[in-house]
Amino acid sequence: MKHSTTIKDIAKYLGISVATVSRALSDQWDVSPQTRAKVLEVAKLLNYQPNLSAQRLCQQQSHLIGLVVPELENSFFPRIIVGLQSILEEAGYLLLITNSNESSAIEEKNIKTLERNRVDGIILSVTQEGANKQIYEEIIANGTPLVLFNRICDIDSPKVIIDDYQMSSLAVEHLIKQGCRKIAHIAGPEQLSITNSRKQGYIDTLTKHKITIPNDYIIHAGIMQEQGYTAMLQLLQTKPRPDAVFCVNDPVAIGAMKAIKHFGLKIPKDIAIVGYSESRSACLVEPNLTSVAQPLFEIGKNVAELMLKKIEGKMKENPTIILHAQLNIRESSLRKKV
């Protein structure tokens, strides 16, 4: 077995005490610059690698932050992760990324794994199966900082979200301005916070304009492309057939577009489509998809900053940060020139 160099090896090589080597490697004030230079030179020569686990135990900090996201298939969460890392790595923290695969059971396993690795905090977005509130409360009770983002629940922890209600309202207003009056909604799972906010924005906006919503115009489908396809097939059978559909996210919207094309209908002439979350596919599908663009990098940065404040004890209350988004209007919903 290959021998790993220890501080004892460096001390023996230089003929000095282990304590002196340790202080030199830690850049302590009571070690002369000359001694420290020699220690670093020999450490490099002998390929010394510090025992990070031992250091963390001594410091009672791991400098690890755990992340639990519901999926990594689409570009949404990876772009948030870039924002997280931009702040955490600069502060000396590593991000341990886990994927719950939209399963609350896997989410629980991921959380327990992160806790066994003594992470200094956990960042989480809830699965489509709903929140593990009891598990989250145990995390907080154990003294581990918890920050929620995007998909949240009513638990006392810092949160970062988008104003989904307002942005849904803007999306539906846009469809109304395009002359649409039979506007359906393909919603996400009922247990998700984003589902309810976006659906309520849709309902309230149509109600404000005195536009009737038939009972079969709202379908709780899910968040995947195939679920959008199936839901759209169902909407195509309704009478009157919708002339527009507002979708809970882009994958669902793209699935709906495929169903519309399969039946030989035109987008947006026959049915206008608006998505949400501004996936990279929005500008790849034909016609290009109108969608709500969320500031994903900024979400990540804000989440990371909240986590650092929580770890450092600089947060007296648990805020909810609401970031602004933008409706990017494209061909899938444009019936009139703007």
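That block above? That's the structure.
Residues numbered from 1 in each chain as written. Predicted model: local features only at pLDDT ≥ 70, side-chain atom pairs only at ≥ 80, totals over all residues. Heavy atoms only, no water.

(A) Structural detail: the sheet that holds strand E2 (residues 94-99). Sheet architecture is open: 6 strands sit in the order E2-E1-E3-E4-E5-E11, paired in parallel fashion. On the outer flanks of this sheet lie E2 and strand E11 (320-323), each paired with one strand and no other. Each neighbouring strand pair of the sheet contributes to a mean axis angle of 20°, computed without reference to strand direction. Note: strand E1 (residues 64-69) against strand E3 (residues 121-124), 4 bridges, orientation parallel. Of the residues in E3, the one forming a bridge with Leu 67 is Ile 123. Its contacts with the sheet place helix H12 (residues 296-311) against E1, E3, strand E4 (146-149), strand E5 (159-162) and E11, and it is angled at close to 160° to E5. (Pairing = 2+ DSSP bridges. Helix = DSSP H or I, 4+ residues; strand = E, 2+ residues; numbered from the N terminus. Axes fitted to C-alpha atoms, helices over the stretch in contact; angles between N-to-C directions. Contact = heavy atoms within 4.5 Å.)

(B) Here's a closer look at the pattern of salt bridges. In the structure shown here, the tally under the stated rule is 7 salt bridges. Residue Glu 102 is joined to Arg 151 by a salt bridge in which the shortest nitrogen-to-oxygen separation is 2.9 Å. Remark: Arg 151 occurs in the loop between E4 and E5 and Glu 102 occurs in the loop between E2 and helix H6 (104-116); sequence separation between them is 49 residues. With respect to class, Glu 102 is no different from Arg 151; both count as buried. Note that Arg 330 is salt-bridged to Glu 278, the shortest N-O span being 2.5 Å. Here Arg 330, found in the segment after strand E12 (326-328), pairs with Glu 278, found in the loop between strand E9 (272-274) and strand E10 (291-293); they are 52 residues apart in sequence, far enough to count as distant. For the residue pair Arg 330 and Glu 278, the accessibility class agrees, reading buried in each case. (Salt bridge = Lys/Arg side-chain N within 4 Å of Asp/Glu carboxyl O. Buried < 20%, exposed > 50% of the residue type's maximum accessible area, 1.4 Å probe, protein only.)

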